[in-house]
Amino acid sequence: VQLQASGGGLVQAGGSLRLSCAGSGGTFSSYGMGWFRQAPGKEREFVASISRSGGSTFYADSVKGRFTISRDNAKNTMYLQMNSLKPEDTAVYYCAGNQASIPRDYRLYDYWGQGTRVTVSS
C-alpha cells in the first residue's frame, strides 16, 4: 500500500490542525495504522495508532486528550485531529501501516508516507 500524508502547516500555540493519510494500491482496511513524528535531532516517536476496524486506538501520553486518531476505510484515509497544539509538537509527522498489529515501535511498521511538517509557534 502507498501512503500519502498531508495537512501540516504553521499554527500558533493553542491552535488546531487535522492531518490526513490517504492509502492507495492495497486494501487499506487490512492495515493497522499509526502516526509518528520526528523533531530535528530526535528519534522518531510514536504519536497514536488505530486498529484495522478503528475500534481500538492508542496514544502517547504527551498527546492524550489533545489528539484524536480516526479512520474512514470507505475513503481509504486515516486522520489525526490535533488540538491545543504546543511548540513541542513541532515535528515532521509520518503515517505508517502494519499488516499484523499496531505497535508503538516505528521499526515494526512496513509502509510509510512521506511526512508532513507541523510547526507550532509560541
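Up top you'll find the structure we're talking about.
Residues numbered from 1 in each chain as written. Predicted model: local features only at pLDDT ≥ 70, side-chain atom pairs only at ≥ 80, totals over all residues. Heavy atoms only, no water.

Engineer: How should I be thinking about the overall build of the protein chain in this particular structure?
Structural biologist: Of the regular secondary structure elements, the protein chain holds zero helices and 11 strands. The principal-axis extent of the C-alpha atoms belonging to the protein chain is close to 40 × 25 × 25 Å. For the protein chain, the residues scored as buried account for 44% of the 122 residues in total. When contacts within the protein chain are restricted to residue pairs at least 6 apart in sequence, long-range pairs at least 24 apart make up 57% of them. Of the roughly 6,000 Å² that the protein chain leaves accessible, carbon and sulfur atoms contribute 44%. (Helix = DSSP H or I, 4+ residues; strand = E, 2+ residues; numbered from the N terminus. Buried < 20%, exposed > 50% of the residue type's maximum accessible area, 1.4 Å probe, protein only. Contact = heavy atoms within 4.5 Å. Areas by Shrake-Rupley, 256 points an atom, 1.4 Å probe, with all protein chains shown as cover.)

Engineer: Which parts of the structure should I look at to understand the side chain of S49?
Structural biologist: Assignment of secondary structure puts S49 in strand β5 (residues 45–50). Note on S49: relative accessible area 1%, which makes it buried. With near-sequence residues (within four places) excluded, S49 lies in contact with M33, G34, S56, T57, F58, I69, I102 and Y109.

Engineer: Explanation requested: the nonpolar core in the structure shown.
Structural biologist: Considering soluble globular proteins, one finds that nonpolar side chains tend to be buried as a cluster. W35, M78, L80, M82 and Y93 are the most contacted members of the largest nonpolar core, which totals 33 residues. Those elements that place two or more of their residues in this core are β1 (2–6), β3 (17–24), β4 (32–38), β5, β7 (67–72), β8 (77–82), β9 (91–98) and β11 (116–121). (Core = buried A, V, L, I, M, F, W, Y, C linked by side-chain atoms within 4.5 Å.)

Engineer: Would you mind showing me how to read the pattern of salt bridges here?
Structural biologist: For side chains of opposite charge, pairing can occur when their charged atoms come near one another. Overall, the coordinates contain five salt bridges when judged by the stated rule. For the salt bridge of E45 with R37, the shortest nitrogen-to-oxygen distance reads 2.6 Å. In this structure, the salt-bridge partner of D89 is R66, at a minimum N-O distance of 2.7 Å. A residue pair is termed long-range when its members are at least 10 positions apart, and D89 in the loop between β8 and β9 and R66 in the loop between β6 (57–59) and β7 qualify at 23 residues. On the basis of relative accessible area, R66 is assigned to the buried category, the value being 11%. Several salt bridges share partner residues, and in doing so they unite R37, E45, R66 and D89 into one network. (Salt bridge = Lys/Arg side-chain N within 4 Å of Asp/Glu carboxyl O.)

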